[in-house]
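# Structural characterization, general
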Amino acid sequence: MPLTSLRQRPRRLRTSPVMRAMVAQTSVEPRQLVLPVFVAEGLTEPRPISSMPGVVQHTLDTLRKTAVEAAQAGLAGVMLFGVPATKDARGSGALDEHGILTEAIRAVRQEVGDDCLVMTDVCLDEFTDHGHCGVLTPGGAVDNDATVAIYAEMAVLHAEAGAHVVAPSGMMDGQVGAIRDALEAAGHVDTAILAYAAKYASAFYGPFREAVASSLQGDRRTYQQDGANLREALHEVALDLAEGADLVMVKPALAYLDVIRAVREVVDVPVAAYNISGEYAMVEAAAANGWIDRDAAIGETLTSIRRAGADIVLTYWALEVAQRRGGRR
Ligand code: PBG
């Protein structure tokens, strides 16, 4: 029998692009996006990262240009990662006033002022020769409290250099509280903390290791979370908020969309999610092989992270997506 008088036809709201746009529940806007950028010491020209096609290690010069583009495109901010020329066991480059990351913060802040937020990764893995996110005990374990003390100093250095937002990503216990106390004591009361609150030990960080020239010995499972656990993420988030986090992040994004949703439902602060290197690489590799439609896959990826509940998305596609939208509105 033909369906002559169906009262409910959900397809009515999908009949045209304008109709679909009117009823779209989720949007991805430049103001919600943050571009992670890498800057390497001693480069004379940008160096491509082979496992992240289209992403480079910047020189200070090309970093400045990219930051200006980010501001013009209306992005929320840039997240800076420094790659020092030499690394050592204590990651001393991280506390060097004239180290690559500190210089990059100054350079970018000088270019963009307050038009684009300068965010910084507060972590030691870019600076240590063993690749861990902290300093080690004589026995080779990652020393929580000694590492936290270094993070606190690092955060103050970043704030002094012009960072608007510092983002501790090392998953050490007490890192947010120690950083908040240090910032307050140094008078940086307006420097915000974006806490990598729920950060999982993930295979999808692979390309990032190339991006920051890190040869990690071992793994990060004694400090990053086990992918089997959801409740633990809520516990970590609660602790970071109690310690003074202004914003909380879930990372990675795609394999943890349920965690983003769960966190969004229990906190009253903005939630960020990091669309990480391996998530970027998967789409780029499949697209390069002609296996998927690249632009559609990027749009679907970012929409899904927003739909899961992320208010803010860190993504290597931020600039491209924002420029496609025509910049600041
Ligand atoms: C730690 C840090 C990492 C990433 C961001 N901050 C690496 C790690 O924890 O292993 C990964 C980002 C990405 O994969 O895109 N400094």
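None of these values were measured; they are calculated from a predicted model.

### Thoughts on helix α3 (residues 100-112)
Compared with the 18 Å implied by 1.5 Å per residue over 13 residues, the 18 Å span of α3 between its first and last C-alpha is a close match. Buried within α3 we find I100, L101, T102, A104, I105, A107, V108 and V112. The inward-facing, buried residues of α3 contact β1 (33-40), α2 (60-72), β4 (77-83), β5 (117-122) and α4 (144-161). Positive phi shows up at G113, right after α3, with a value of about 55 degrees.

### A closer look at the pairing of strand β9 (residues 271-275)
With respect to burial, β9 is a largely interior element, 5 of its 5 residues being buried. One ladder, built from 3 bridges, connects strand β8 (residues 247-251) with β9; its direction is parallel. Its bridge partner being in β9, V248 is matched across the sheet by V271. Pairing between β9 and strand β10 (residues 312-315): 4 bridges, direction parallel.

### Here's the deal with the UniProt feature "binding site: 5-aminolevulinate 2" (unreviewed entry) in the chain
Within this numbering scheme, the UniProt entry marks S277 and Y316 as carrying the feature "binding site: 5-aminolevulinate 2" (unreviewed entry). Spanning 40 residues, the annotated positions come together in the fold, the maximum distance between their C-alpha atoms being 7.7 Å. With respect to the helices and strands, S277 occurs in helix α9 (residues 277-288). Residue S277 is classed as buried on the basis of its C-beta count, with 25 C-beta atoms lying within 10 Å. Among the structural elements, Y316 can be located in the loop between β10 and α11 (318-324). By the C-beta count within 10 Å, which is 25 here, Y316 ends up buried. Those residues in contact with Y316, other than ones at most four positions away along the chain, are P36, M52, V55 and Y280.

What counts, and at which threshold
Residues numbered from 1 in each chain as written. Predicted model: local features only at pLDDT ≥ 70, side-chain atom pairs only at ≥ 80, totals over all residues. Helix = DSSP H or I, 4+ residues; strand = E, 2+ residues; numbered from the N terminus. Expected span 1.5 Å × (residues − 1). Buried ≥ 20, exposed ≤ 12 C-beta atoms within 10 Å, placed from the backbone. Contact = placed C-beta atoms within 7 Å. Pairing = 2+ DSSP bridges. UniProt positions renumbered as here; feature names shortened; annotations may be inferred.

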